[in-house]
Amino acid sequence: MTLARKFFILTITAVIVSVFNALPAFAQGLTVEQIMQDPKWIGSAPDNVHWSPDGRMIYFDWNPENADADSLYAFTIGGKSPEKVSIASRRAMADPEGDMNTAKTQMVYEKNGDIFILSLTDGTLRQITHTVDRESRPVFDLTGKMIFYQKDNNVYSHDIQTGATSQLTDFRSGTDNSGENEKKDPQQRWVSQQELSLMKVLRERKEENEAAKTQRDLLQPTRPSPYYFGKKNLQAVQISPGGKYVTFRLAQSPSGVVNTEVPAYVRESGYTEELRAYPKVGSPLTTSQSFLYDLTRDTVITISTDSLPGIYTLPAFLAEYGKSTEAKTARETQITSIHWSPSEEYAIAEVRALDFKDRWIARIDLQTGRLTTLDHQHDEAWIGGPGIPWFVGASAATGWLPDNQQFYFVSEATGYAHLYTVNVLSGEKKQITSGNYEVFNPQISRDGKSWYFTSSAVHPGERHFYKMPLSGGEAVKLTSMAGNNEVSLSPDEKYLAIRYSSGNKPWELFLQDNKPGAKPKQITHSLSGDFKAYPWREPEYITFEARDGATVHARLYKPNNPQKGGAAVIFVHGAGYLQNAHKWWSNYFREYMFHNLLADKGYTVLDIDYRASAGYGRDWRTAIYRHMGGKDLSDQIDGTKYLINNHGIDPERIGIYGGSYGGFITLMAMFTEPDVFAAGAALRPVTDWSHYHHQYTAAILNSPQDDSLAYVRSSPIYHAEGLKGALLICHGMIDTNVHFQDAVRLSQRLIELGKENWELAVYPMESHGFEEASSWTDEYKRILKLFERELNGRF
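Because the structure is predicted, anything quoted here is derived from the model rather than measured.

Definitions and limits used
- Residues numbered from 1 in each chain as written.
- Predicted model: local features only at pLDDT ≥ 70, side-chain atom pairs only at ≥ 80, totals over all residues.
- Heavy atoms only, no water.
- Helix = DSSP H or I, 4+ residues; strand = E, 2+ residues; numbered from the N terminus.
- Buried < 20%, exposed > 50% of the residue type's maximum accessible area, 1.4 Å probe, protein only.
- Areas by Shrake-Rupley, 256 points an atom, 1.4 Å probe, with all protein chains shown as cover.
- Lys, Arg positive; Asp, Glu negative; His and termini not counted.
- Charge placed at Lys NZ, Arg CZ, Asp CG, Glu CD.
- Axes fitted to C-alpha atoms, helices over the stretch in contact; angles between N-to-C directions.
- Parallel < 35°, antiparallel > 145°, perpendicular 65-115°, else oblique.
- Contact = heavy atoms within 4.5 Å.
- Nonpolar A, V, L, I, M, F, W, Y, C, P; charged D, E, K, R; others polar.
- Pairing = 2+ DSSP bridges.
- 1 Å grid on protein atoms, 1.4 Å probe; cavity = no way out; pocket = protein on both sides within 12 Å on 5 of 7 lines; lining within 4 Å.
- Points joined across faces, edges and corners; volume = space filled by probe spheres on them.
- Core = buried A, V, L, I, M, F, W, Y, C linked by side-chain atoms within 4.5 Å.
- Salt bridge = Lys/Arg side-chain N within 4 Å of Asp/Glu carboxyl O.
- Polar contact = N/O pair within 3.5 Å; in protein donor to acceptor, adjacent residues only side chain to side chain.
- Phe/Tyr/Trp six-rings, centres within 6.5 Å; stacked < 30°, edge-to-face > 60°.

(A) Representation of the overall build of the chain in the model. When you go through the chain residue by residue, the secondary structure sums to 15 helices and 44 strands. Its C-alpha atoms put the chain at 130 × 65 × 60 Å along the principal axes. Across the 795 residues that make up the chain, the buried fraction comes to 50%. Carbon and sulfur atoms make up 50% of the accessible area of the chain, which amounts to about 37,100 Å² in all. For the chain, the centre of its 82 positive side-chain charges and the centre of its 95 negative side-chain charges are spaced 2 Å apart.

Right under this line is the structure:
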C-alpha cells in the first residue's frame, strides 16, 4: 500500500469517527447510563398549572433553562410565549388556593403565615395580619363582610370594614384547674370543710377572695369560654360559613406502639443514625371523637356515630375463624371531613370505619349532634376508588349544589366510580353519570347549571374533559387529543389550560377555547434535542384474556425485527392500585426508556395492568382481597401465555421485574411459579406484609392478628423454598416505606434454605424512590446483565 493510499484511508477513517461521535448520543444505540442520567436531559415538563384570579394568565412550574430548581412561568391570554415570573412578582402573587366571596369580587388567602385580601375588580391588595405567628385557613363569611381564620388552632374573625379582630374560640391543652376542691377525694373534702368550719379567719378570707374575683369577672370584656382538651390532639378545626358553629376532632394516640427504626449508615456526622418509620400493620390505632361547638349557646356537643347503620356488624371474614359476625360494641369510626352548606343551614359528615369496609354520608343535627344517614357504602373488601377516601387525608369528590339542599359525592355502588346527588332533607338519591368507566374531579360551573368532570368513557387508558347539565343528561366531550388531558378551567370558564401527554411524549401545556371541537394551541415546547433524536416507541395497547375470562389491558413493546423463539420480559408496575397501561406519559418514564432499550436488543416487553390496578372499577380494584399474589400474579402468568401463543416467545426465555409492589409480585412469581420465569429482578420489594404499614395493608389483608391466613399466603418469605430461577434483589438501605429489613429477613431465609442463585444489591444512600443517577444506573445495569445472562446467554 502506497503512503498516499494509507494517508487517504486514515483521513477517511478520522472523518467517519468524527461524524459518528458528533451524532446524537442515541444514534449510537441506547445505553443504561444515558437513559438513567438526571431527568433534566429529557426536558422540563410544565407542572402545577393554575390560573391568575382574573383569568388573564396561566401560571405553571417549568424549567427550560435546566436551573437547579423549577421556575415559575406565566402565559398571558393572547400572548405569544411563556415568560419567566420574577422573584419580586412571585412575592406579590396571590395564593391560587384562596377563598372567594360569593360575589367573586374579592379573594382572601394566606401567604407566609399572614392573611391578605385581593380585590378582583381593581387588583388592590390589603394585608390583614402581619405577625411572627402563623395565621392560616382564611375564608369569607356568608355576607362577605367578615373573614374567619385560624391561629394556634383557635378561630378568629376580622371585620373587613372596621378592621376589628375577635377571638371566637379558646381551645387549651391540659385541664381546668378551677374547682380544685370538687376534684378532691371525699376524705380531702371532709378535712377542708372541717378546717373552714373551725377557723373564722379562713372563712372570712375565702369570702373576701371570692367577692373580689366576682368583681374582677364583671369588669372583664366578653371572651370565649376556655375549652380544655387534656392530653389529646386537637385536629380539623373548622368554622361554619356564618360563624355560629365550630367543629373539631380530638384524637387519642395509642400507647405501646413501636415504630420501626431504620439505620442510616452513611451520614454527614460519620455515625450511624436512626430514621424513624411507621409502626407495623396491626399496631394499636389512633382513635378520635368529633364535636360541634355552638358558639351562640356556648355549648360543645358530641357528634356520635353509634346510630349509623351497620356499625355493629363485624366483617364476614371473621366467620372463618369461628367469630360471631354480630358485634356487641360499635366498630371504631372516624369522621374524616365535615361539609357546611353555603347557607349554614346544614352540615354533612363523611364517616369511615377504621376497618375500611364502610363509608357513611350523614347529616348532622345542629342541636343534638345526632347523625342521619343519607348514603351508606359497604364493601366486604374495602372502600376505595377515585374520589372516595380510602384513608384519612385522601381527597374526596364531594360538595354542595347551588340549591343548598343537595349534596354530591362519588360512589362505586354500580361497580364504577360515578357521580351522585342526595337531598339532605328527603334523602332522595340520584345517579348523575353511569357506564363502565370512572369519573374524576367533578366541579360545578360558575353559573350553577352544569357539571365539569374528567372521565375514562372513551377508553380506560384515556382521560377527557366533559360538560354535562346539572340534572344529568348528555356529557359533551370538550377535549380531543388522545392520551391524558389534565384540565384547569379558567375562572371565567372561557378557556381550558390542558396539561397533555401521549404514550411516547412527555407533558406539554396547551390552551383551548371552552368549546367542543376547538383546536388546542401548544404553549410549551419542552423536549431536548437529545431526547427527540431517538425514535421512542408508541407502545401497542393490547388486551388478552385471563384464565377466568377477564379482559386484561397491557402495553406491548416489540423489537423492530421480532424473531420466533425470542426472549421476553414482563414488567410489573408498583403501588398495586396504579394504572400504567394507559395512553399517556408514564411516571415510570425510566422504565419506559429501559423497555425501548430492551426492545432494541430483541426483547419483547409486556407491561400489564394486572388485577388491583387503577382505572377498571371496583371488582378489578378489590380482586386481591385477602390474597396478594393471587389474581394479580396469575395475570402475569396469563400474560406469558399470550406472548408465547401470539408472538412466538420461547417459554424458557421469559424474565420478570418490578419495584415496590412490582418487586413483591416478582418474588411471588419466582417462588410460587418457578417454572414460568427464568430470571427475576425484585426492586425494593415487600417480602412480608405483616411488616408493612397499617393504612395500606389492613385494608386489603385485614389485621394479621385477625386474618393470619391472608398474610401467610400473601407474603413471599413463606414461599421462598420454591425459588429455581436466577433472582436479583435491589434495595435502598434507608427505605422508610418498604424497610431494608424486608430484604435482610428474606436473605436470611434464602441462606437457611440453601439457595444459591440469588444476589442482593444494596444502596446505602437511597430510600424507596431512588434519587441519584448513579444508583439508577447501577440498578438497571444489574437488571440488564441478569436478563442478558439468563435469557440470552450473552454474558
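There's plenty left to go through after this.
(B) Fine view of the packing of helix α5 (residues 186-198) against helix α6 (residues 200-219). Where α5 contacts α6, the two axes come as close as 5 Å, and the packing angle between them is 100°. Relative to α6, the element α5 is oriented roughly perpendicular. Facing Glu 195, Leu 196, Ser 197 and Leu 198 of α5, the residues of α6 in contact are Lys 200, Leu 202, Arg 203 and Lys 206. The residue inventory of the contact of α5 with α6, partitioned by class, reads three nonpolar, one polar and four charged.

(C) Structural view of the pairing of strand β24 (residues 371-378). Strand direction decides the pairing type here: strand β23 (residues 358-364) and β24, joined by seven bridges, are antiparallel. When the bridges of β24 are listed, Asp 358 appears paired with His 378. Hairpin geometry of β23 and β24 is characterised by an intervening segment of six residues between the two adjacent antiparallel strands and by a positive phi of about 80° at Gly 369.

(D) The arrangement of the sheet that holds strand β40 (residues 604-608) in detail. Judged by pairing direction, the sheet is mixed, and its eight strands sit side by side in the order β37-β38-β40-β39-β41-β42-β43-β44 without closing on themselves. The open sheet has two edge strands, β37 (540-545) and β44 (758-763), and neither has a second partner. Each adjacent strand pair in this sheet contributes to an overall mean axis angle of 20°, direction not counted. Packed on one face of the sheet, helix α8 (residues 589-600) meets β38 (551-557), β39 (568-572), β40 and β41 (654-659) and runs near 65° to β38.

(E) Layout of empty space enclosed by the protein. For the structure on display, the rule yields two cavities of 30 Å³ or more. Roughly 40 Å³ of internal volume is contained in the largest cavity. Along the walls of the largest cavity sit Trp 382, Trp 390, Gly 576, Tyr 577, Ala 612, Arg 621, Ile 624, Tyr 696 and Ile 700, which together make up its complete lining. Among the residues making up the lining of the largest cavity, the classes are represented as seven nonpolar, one polar and one charged. Volume-wise, the second largest cavity comes out at about 30 Å³. For the second largest cavity, the full set of lining residues is Arg 352, Ala 353, Phe 356, Asp 358, Ile 383, Pro 389 and Trp 390. Split by residue class, the lining of the second largest cavity holds five nonpolar, no polar and two charged.

(F) Geometry of the nonpolar core. Counting residues in each nonpolar core, the largest one holds 68 residues, and the members touching the most others are Leu 606 and Trp 689. Among the elements that line this core, the one with the most residues is helix α11 (residues 661-672), at eight residues. Among the nonpolar cores identified, the runner-up in size contains 42 residues, and Phe 594, Val 605, Ala 679 and Leu 791 belong to it.

(G) Inspection of the packing of helix α10 (residues 631-647) against α11 at higher detail. In the contact formed by α10 and α11, the axes pass within 10 Å of each other and the chain directions differ by 70°. As judged from the angle between their axes, α10 and α11 are roughly perpendicular. From α10, Asp 632, Leu 633 and Gln 636 reach across to α11, where they touch Tyr 661, Phe 664, Ile 665, Met 668, Ala 669 and Thr 672. Taken together, the residues that form the contact of α10 with α11 break down as six nonpolar, two polar and one charged.

(H) Representation of the sheet that holds strand β16 (residues 245-252) in the model. With antiparallel pairing, the four strands of this open sheet are ordered in space as β15-β16-β19-β20. Looking at strand neighbours, the two that pair on one side only are β15 (233-239) and β20 (299-303), the edges of this open sheet. Across the sheet, the mean angle separating the axes of adjacent strands is 25° when strand polarity is ignored. Strand direction decides the pairing type here: β16 and strand β19 (residues 287-294), joined by eight bridges, are antiparallel. When the sheet's bridge partners are listed, Leu 250 is paired in β19 with Gln 289.

(I) Structural context of the pattern of salt bridges. What the rule picks out here adds up to 37 salt bridges. A salt bridge links Arg 134 to Glu 110; its shortest N-O distance comes to 3.6 Å. With Arg 134 in the loop between β8 (125-127) and β9 (135-140) and Glu 110 in strand β6 (residues 106-111), this pair connects stretches of sequence that are 24 residues apart. Judged by relative accessible area, which is 18%, Glu 110 ranks as buried. In this structure, Glu 462 engages Lys 583 in a salt bridge whose closest nitrogen and oxygen atoms are separated by 3.2 Å. Remark: Lys 583 occurs in the loop between β39 and α8 and Glu 462 occurs in the loop between β30 (450-455) and β31 (464-469); sequence separation between them is 121 residues. Glu 462 sits in the buried class, given a relative accessible area of 8%. Its relative accessible area of 18% is what places Lys 583 among the buried residues.

(J) Geometry of unusual backbone geometry. A positive phi angle, close to 50°, is found at Arg 137, a residue other than glycine. Within the element layout of this structure, Arg 137 appears in strand β9. For Asn 404, which is not glycine, the phi torsion reads 65° and is therefore positive. For Asn 404, the position within the fold is in the loop between β25 (399-400) and β26 (406-411). For Asn 404, a relative accessible area of 17% corresponds to the buried category.

(K) Here's a closer look at the environment of Tyr 603. Relative to the helices and strands, Tyr 603 resides in the loop between α8 and β40. Between the C-alpha atom of Tyr 603 and that of Arg 653, which follows or precedes it by 50 residues, the distance is 9.8 Å. Setting aside anything within four residues of it in sequence, one finds Tyr 603 in contact with Tyr 557, Lys 558, Pro 559, Ala 567, Ala 568, Val 569, Leu 598, Phe 787, Glu 788, Leu 791, Asn 792 and Arg 794. Side-chain polar atoms of Tyr 603 contact the side chain of Glu 788, separated by 2.6 Å.

(L) Region of interest: the side chain of Glu 591. Looking at where Glu 591 falls in the secondary structure, it is placed in helix α8. One buried charged residue, Glu 591, remains without a salt bridge, the closest side chain of opposite sign being Arg 684 at 4.7 Å. Other than its neighbours up to four places away in sequence, Glu 591 contacts Phe 571, Tyr 657, Trp 776 and Tyr 780.

(M) Structural context of the pairing of β23. By the criterion of burial, β23 is predominantly enclosed, with six of the seven residues buried. Relative to β23, strand β22 (residues 347-353) runs antiparallel, the two sharing five bridges. Counted as the bridge partner of Arg 352 is Arg 359 from β23.

(N) Looking closely at the environment of Ala 349. Relative to the helices and strands, Ala 349 resides in strand β22. The buried category is assigned to Ala 349, whose relative accessible area is 0%. Taking the C-alpha atoms as reference points, Ala 349 and Ser 324, 25 residues apart in sequence, are found 30 Å from one another. Beyond its immediate chain neighbours, meaning those up to four positions away, Ala 349 contacts Ile 335, Ser 337, Ile 338, Trp 360, Ile 361, Ala 362, Ile 364 and Leu 371.

(O) Structural detail: the side chain of Arg 626. Residue placement: Arg 626 occurs in the loop between α9 (618-621) and α10. Owing to a relative accessible area of 7%, Arg 626 belongs among the buried residues under this scheme. Residues contacting Arg 626, with those up to four places away along its chain left out, are Phe 317, Glu 320, Tyr 321, Ile 700, Leu 701, Asn 702, Asp 707, Ala 710, Arg 713 and Ser 714.

(P) The arrangement of the packing of aromatic side chains in detail. Under the defined criterion, the tally for this structure stands at 44 aromatic pairs. On the basis of an interplanar angle of 50° and a centroid distance of 5.7 Å, the ring pair of Trp 41 and Phe 531 is categorised as tilted. Separated by 490 residues along the polypeptide, Trp 41 in the loop between α2 (32-35) and β1 (47-51) and Phe 531 in helix α7 (residues 529-532) bring together distant segments of the chain. Phe 531 carries the same exposure label as Trp 41, and that label is buried.

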